[in-house]
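Residue-level listing of the chains:
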Amino acid sequence: MAHVARVRRPYPLLVAVTALLALGATVAWVVGDALRLHHSPAAEPPEDVTAAPPRVAVPAPPLASLVVPDEPRARKAATAVADALVFRGLPRPVVAPATAASHGTPVPGTVRTLRAAVLDTLTGAPESYRLDVRRNELLVEGSDLAGTVAGLYRLADRIRSGTDVLPAADAGRIVTPRLGLRLTDAGAVGREPDPAGFAAGDDYSLNTDVVRSALLPTAPWVDSGAVARIGAQFRQLVDHSVAQGYNGVVVPGFLEYVTFTKVGDGHAVYPPGDPHVDRAEAMVTAFGPVFAYAEQMGVRVFLLTDMLAVSPPLEAYLTRTVGGLDVTDPRLWAVYQAGLAELFERMPFVDGLMVRIGEGGEVYAADGWDYSSKLAVTTAASVRAMLRALLDTAGAAGREVIFRTWTVGVGAVGDLHTNPQSYAQVLGDFDDPHLIVSTKYTLGDFYSHLPLNTTLLTGTHRRIVEFQARREFEGFGALPNDLGPLHRRALREFLAANPKIEGVWNWTQDGGPLRAGPMSLHLRAGFWQLYELNTYVTGRLAWDPDTDPAQVTTDWAYRTFSADPATVAAIGRAMALSRQAVTTGLYIGPYADRSVRALGLEPPPMMWIFEWDIPTGDSAALGSIYAVTGGQVDAAVDEGTRAVAVARRMRDLVAATEPGTWRDARLRTHFTRTLDYQVNLFETLGAYRTMVLRHAQWLDTGSAAAYHDWRTAADAYRTARDTHRQRYGGDLDLPAYHFTAADLGAQRADRDPAMAWAARLLLGVVLLVVLLGLRGRGFGGAAARGLLLGAVRPWRVAALPAPASRIDRVLVWLVPAVVLVASRLVLTWFAAPAHLLVTLGGWALFALVVRLAVGRRDPFHLWAVVGGVALLRSVLLLAALAGRGPGRYWLVFWTAPALRAVYVTVAVAAFCWLFVATAVVLRDRYGLRRRSAAGFTLTAAGVPLGVLAGLVAVVGLERALTVWNDQLALLPWGLSRILGITVHLGVPAGLPGYAAGFGATQAVVGLLLASGRRRPADDRA
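Residues numbered from 1 in each chain as written. Predicted model: local features only at pLDDT ≥ 70, side-chain atom pairs only at ≥ 80, totals over all residues. Heavy atoms only, no water.

Caption draft 1: Molecular detail of the overall build of the chain. Check the secondary structure of the chain and you find 33 helices and 18 strands. For the C-alpha atoms alone, the extent of the chain along its principal axes is close to 135 × 75 × 50 Å. Taken over 1021 residues, the chain has a buried fraction of 57%. Taking the contacts inside the chain whose residues are at least 6 apart along the sequence as the reference set, 78% of them involve residues at least 24 apart. Averaging the coordinates of the 98 positive side-chain charges in the chain and doing the same for the 90 negative ones gives two points 12 Å apart. (Helix = DSSP H or I, 4+ residues; strand = E, 2+ residues; numbered from the N terminus. Buried < 20%, exposed > 50% of the residue type's maximum accessible area, 1.4 Å probe, protein only. Contact = heavy atoms within 4.5 Å. Lys, Arg positive; Asp, Glu negative; His and termini not counted. Charge placed at Lys NZ, Arg CZ, Asp CG, Glu CD.)

Shown next, in the form of structure tokens:
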């Protein structure tokens, strides 16, 4: 006798629905908290930019002899004066040592002799000097040799710049540098203009090592010819930097010079025969004399390393002795102390160690050797433990430690760079006279539109301010970019507020990847003279922050390009426009002028161009930019047009100069080509900004005008992009930007209208199913009825009679499957098979497991419930897509918290409803005990999680996320290629493995619950 299925009262299920909605609301709150988009006005410092008026060069003094102390540094400085005089067209003077016999008889009324000396009686700080004329001799008198040398170089600079070598106000005045520590980076030392290496323009390695090209894989370990080449480049950098007023250089390196012979018996870290030892010794022998040249020239040397710096044997030793990389354990730091002490002994010219903790990993490692770094020092305790250990060793050796606060969001000290409260918490009461804290002048990375760094306004530590001359995010120095006024304002504000500011660190070349931009190498290749301006002006400002940047720009133009007043003035006017061009052409002002937080991070003001030269096409960045821009789309679009106009004005100014007035015709060609490039780049970026903003505006408003403007702009963008690629695609000096990510986004945007119509059509199919279900008879009526009840009233499904028609048995699973697949295809613009594999694979595995659970019994009722819930879940998705396609869906997800919360709440509840409804039908229709029904459902949920997470674990989380993101264009395309999605967002690399284990455990637990007998016959259908 057949049993009639018992109809359960729905009240417990209503409680379940309420619980599911509460769960969905909780998930929505968590998602909203993670994605919260917050923005406020940014206190962007004004830039007082003016062009200096035209001026006529002051005649250089006709010096016949230069009498200087008989010391290499003084002779080199005197040679710079002599070279400057020759540069001005005068005969080269004789350089003579300062001896008693060198005093000659002065000629009345004529200054023919320069006499330099060190006066112990001269008051003033180290490096002080004064200039004067006495007995018809031009005098340079220093408080020490460094001061005398500085005075000579200042004279050489004035001669080359066409200015008065001794203004009346300067005669007899003691000049003292305002900032005593003036560092540069290692410039382009060790880097070669390799066309093949630069051609692709997509090498985003961030390794800055200067010695790697000299290393050999076996003994003698170092190529002497390469060392000689690197040594010549280093000496060139040091001489050039000293002439510009710098007195220190930062050179990457640490572990490669250390053997750890002070640890244990001398072979504890590197066992006998380990090549690390022989190679380190060869490195010290080869490069010690190279870097010691800086000391000979009065330049301080700091080695730069990331922490935690490791090599495989070192990491293995720390694991054996400390139990791993416990960066709070003094035993770990004792090993680094031993290495640092060894370094100071082996390379006594090294004045200290500079440490960075906020970046590291594979992208910073050099090819061909196994030294690397790990992001391990991420807590206040570990920072203090590291500094205490390093400072104890440095202090005992009379050296210093420079700690960079660049922590870029990693760990508990992630905002140390930008948050005064975090700075005070980590370093506030940490006191050591050998500690110097180095911080970027911006409240973030080296972008425009950022406030000045408030952490530099307070604190008790010695501080230095970081500047970047070759602005990585603004064309890698390929665009005119006069930062003098901005750097002056920053220095003056910091000095007025914080007496502990004692230095600067100017990056002449560093920042960003080595080969992803133009093939320009400071002092050696490309149009490096363009960004040399910022190094020149920063050196001048470090001596005197009240220096007029406009006059410095004129000095630079005179000494670099032309002696013609009109040409120099035209270059000055063009450079005075450069900041306006850059800050509007490369930034979207209404967005860039806001301080933004999203995804728990602080997106940079140039988010639409992700990392250097990749206009992004992802919905997260572009949607957020549109939301922050608000109702200022027209202003943002017009800004791009104005940027092009400014760039054209700059080009016209320089192009109008007479070619014959330039000292070097090649430099004029470089300059005009650069400005042509800037115009073309800004035209292309302007077209792109118009397209993405108008598209977002249409997604937001549905306006017909916005739609028309978007489609028009899309055509203009593609034309401009093609022109840009054709003109600059193979140019090593002026490389084309990479529009791959932009095109991915544009292709998906183009499909939005069609996807919206597809979603509406699918909703019509579902509506037809609902109508058939309400009718309950006719063709497909039984299947439709089952799906309708399965979606919203699963407790009624058990009472449904099994259909006689085979059509109903097929349609009950086929229709939901088609709608499920089609809706996900629409969501992904038919362009993301990886997303389909995960989502549809999950549904398929779930369905397979529950189908096995019912065995040979009729699966119609099971499919009615699973299919019904699949339709319900698809309807929610399709309703969100039907408006203006997936673009609108993602715009709302990223930027509309209220709508997102409602959708996530209902969507999560509907997804979890699948498990409740499945358990109900397994119990009521197929006679399983409550525990068994729950167990099989738990297993059915655990199997997809375990299988799919396991698949991701095998593929690799970073790779899987990269493929998924490339197809969906949700996050910046360059993220995985440059920083890594998992690293940047803090996603644990082992997460798929944990998820797979959890899914497998859940499946096993479910099977254990499901084991047991079915209910008695009178308790089931």
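Once the structure has been displayed, the description carries forward.
Caption draft 2: Region of the structure containing the sheet that holds strand β2 (residues 65–68). Within the open sheet, the 6 strands sit side by side as β3-β2-β4-β6-β5-β7. Their pairing is mixed. Two strands bound the open sheet, and with one partner strand each, they are β3 (94–97) and β7 (174–175). Taken together, the 6 bridges between strand β5 (residues 129–134) and strand β6 (residues 137–142) define a ladder with antiparallel strand orientation. Paired with R130 across the strands is E141, a residue of β6. The strands touched by helix α2 (residues 72–87) are β2 and β3; relative to β2, the strand with the most contacts, the crossing angle is about 160 degrees. Helix-sheet contacts for helix α3 (residues 145–161) involve β2, β4 (113–118), β5 and β6, and the interaxial angle to β6 is about 135 degrees. (Pairing = 2+ DSSP bridges. Axes fitted to C-alpha atoms, helices over the stretch in contact; angles between N-to-C directions.)

Caption draft 3: How the structure looks around helix α30 (residues 957–968). Look at α30: 16 Å from first C-alpha to last across 12 residues, which is about the 16 Å you get at 1.5 Å a residue. The complete set of buried residues in α30 reads L957, A960, T962, N965, D966, Q967 and L968. If you follow the buried residues of α30, they end up packed against α21 (740–750), α25 (833–854), α29 (930–955), α31 (974–978), α32 (981–985) and α33 (991–1010). Positioned one or two residues after α30, A969 has a phi angle of 55 degrees, which is positive. (Expected span 1.5 Å × (residues − 1).)

Caption draft 4: The arrangement of the environment of T26 in detail. Examined against the element boundaries, T26 turns out to sit in helix α1 (residues 11–35). Measuring from C-alpha to C-alpha, the distance between T26 and L699 comes to 28 Å, with 673 residues separating the pair along the chain.

Caption draft 5: A look at the pattern of salt bridges. One pass over the full model with this rule turns up 60 salt bridges. Residues R579 and E47 are paired through a salt bridge, measuring 2.9 Å at the closest nitrogen-oxygen approach. Of the two residues, R579 is situated in helix α15 (residues 578–585) and E47 in the loop between β1 (38–41) and β2; the sequence distance between them amounts to 532 residues. The partner of R384 in a salt bridge is D429, with the nearest N and O atoms 3.0 Å apart. Of this pair, R384 sits in helix α9 (residues 380–396) while D429 is found in the loop between α10 (420–427) and β15 (435–440), placing the two residues 45 residues apart along the sequence. For D429, a relative accessible area of 60% corresponds to the exposed category. (Salt bridge = Lys/Arg side-chain N within 4 Å of Asp/Glu carboxyl O.)

Caption draft 6: Up close: the side chain of D482. As for its position among the elements, D482 is in the loop between β16 (462–468) and α11 (484–497). One buried charged residue, D482, remains without a salt bridge, the closest side chain of opposite sign being R579 at 7.7 Å. In terms of polar contacts, D482 uses its side chain to reach the side chain of T553, at 2.6 Å. Sequence-distant contacts of D482, that is, excluding residues within four places in its chain, are made with L533, N534, T553, M575, S578 and R579. (Polar contact = N/O pair within 3.5 Å; in protein donor to acceptor, adjacent residues only side chain to side chain.)

Caption draft 7: Spotlight on the packing of α25 against helix α26 (residues 860–881). Put simply, α25 and α26 touch, their axes get as near as 10 Å, and they point 160 degrees apart. Compared by their axis directions, α25 and α26 come out roughly antiparallel. Crossing hand, α25 versus α26: right-handed. Between α25, through W843, F846, A847, V850, R851 and V854, and α26, the contact on the second element is made entirely by L862, W863, V866, V869, A870 and R873. Class assignment of the residues belonging to the contact of α25 with α26 gives a composition of 10 nonpolar, no polar and 2 charged. (Parallel < 35°, antiparallel > 145°, perpendicular 65-115°, else oblique. Left-handed = near helix turned anticlockwise from the far one by under 90°. Nonpolar A, V, L, I, M, F, W, Y, C, P; charged D, E, K, R; others polar.)

Caption draft 8: Expanded view of the sheet that holds strand β9 (residues 248–252). Here we have 8 strands rolled up into a closed barrel, ordered β8-β9-β10-β12-β14-β15-β16-β17, and parallel in their pairing. The average undirected angle you get between the axes of adjacent strands in this sheet is 25 degrees. Judged from the 2 bridges that link them, strand β8 (residues 181–184) and β9 form a sheet pairing that is parallel. By the bridge assignment for β9, L183 is matched with G248.

Caption draft 9: A look at the pairing of β4. Here β2 pairs with β4 via 3 bridges, running parallel. The partner of V67 across the bridge, within β4, is R115. As paired elements, β4 and β6 share 6 bridges and run parallel to each other. Directly across from A116, in β6, lies its bridge partner V140.

Caption draft 10: How the structure looks around the packing of helix α19 (residues 665–701) against helix α27 (residues 885–895). One way to put it is that α19 packs onto α27 with a least axis distance of 9 Å and a crossing angle of 85 degrees. Here α27 runs roughly perpendicular to α19, going by the angle between their axes. Residues A696, L699 and D700 of α19 form the contact with α27, whose own contacting residues are G887, R888 and L891. Here the residues of the contact of α19 with α27 are counted per class, giving 3 nonpolar, 1 polar and 2 charged.

Caption draft 11: Inspection of the packing of aromatic side chains at higher detail. Counted under the stated rule, the structure contains 34 aromatic pairs. For R470, the ring lying beneath its charged end belongs to Y531, and the centroid distance is 5.7 Å. (Phe/Tyr/Trp six-rings, centres within 6.5 Å; stacked < 30°, edge-to-face > 60°. Lys NZ or Arg CZ within 6 Å of the ring centre and 35° of its normal.)

Caption draft 12: Broad picture of a nonpolar patch on the surface. A contiguous nonpolar patch, built from L837, V838, L951 and V955 and spanning about 320 Å² of accessible area, is present on the exposed surface. Those elements that place two or more of their residues in the nonpolar patch are α25 and α29. Mapped onto the elements of the fold, L837 is located in helix α25. (Patch = residues over 30% accessible without salt bridge, like charges linked within 9 Å, V, L, I, M, F, W, Y side chains within 5 Å. Areas by Shrake-Rupley, 256 points an atom, 1.4 Å probe, with all protein chains shown as cover.)

Caption draft 13: Representation of the environment of A716 within the structure. Within the secondary structure layout, A716 lies in helix α20 (residues 704–728). Along the primary structure A716 and M691 are separated by 25 residues, whereas in three dimensions their C-alpha atoms are 8.5 Å apart.

Caption draft 14: Expanded view of helix α13 (residues 549–560). Spanning 12 residues, α13 covers 16 Å between terminal C-alpha atoms, matching the ideal 16 Å at 1.5 Å per step. A large share of α13 lies buried, amounting to 10 of its 12 residues. Regarding α13, the residues found buried are P549, A550, V552, T553, T554, D555, W556, A557, Y558 and T560. Where the residues of α13 are buried, they touch α2, α3, α11, α12 (528–543), α14 (565–576) and α19.

Caption draft 15: Broad picture of the side chain of D170. With respect to the helices and strands, the residue D170 is situated in the loop between α3 and β7. With a relative accessible area of 13%, D170 lands in the buried category. Polar side-chain contacts of D170 include one of 3.0 Å to the side chain of R173. If sequence neighbours within four positions are ignored, D170 has contacts with L131 and R158.

Caption draft 16: Here's a closer look at the environment of E532. When you line up the elements, E532 lands in helix α12. E532 sits in the buried class, given a relative accessible area of 7%. Ignoring any residue separated from it by four or fewer positions in sequence, one finds E532 in contact with H240, Q244, H522 and W556.

Caption draft 17: Representation of the nonpolar core in the model. Residues L586 and F671 are the most contacted members of the largest nonpolar core, which totals 191 residues. With 16 residues, the top contributor of residues to this core is α19. Excluding anything up to four places from it in sequence, F671 contacts P480, F527, L530, W556, F561, I571, M575, V654 and W662. A74, L237, M307 and L390 belong to the second largest nonpolar core, which has 114 residues in total. (Core = buried A, V, L, I, M, F, W, Y, C linked by side-chain atoms within 4.5 Å.)

Caption draft 18: Layout of the confidence of the model for the chain. On average, the chain scores 92 in pLDDT, and the residues at 70 or more come to 96%. For residues 1017–1021, every residue scores under 50 in pLDDT, and the model assigns this stretch 12 contacts once sequence neighbours within four places are set aside. (pLDDT = per-residue confidence, 0-100.)

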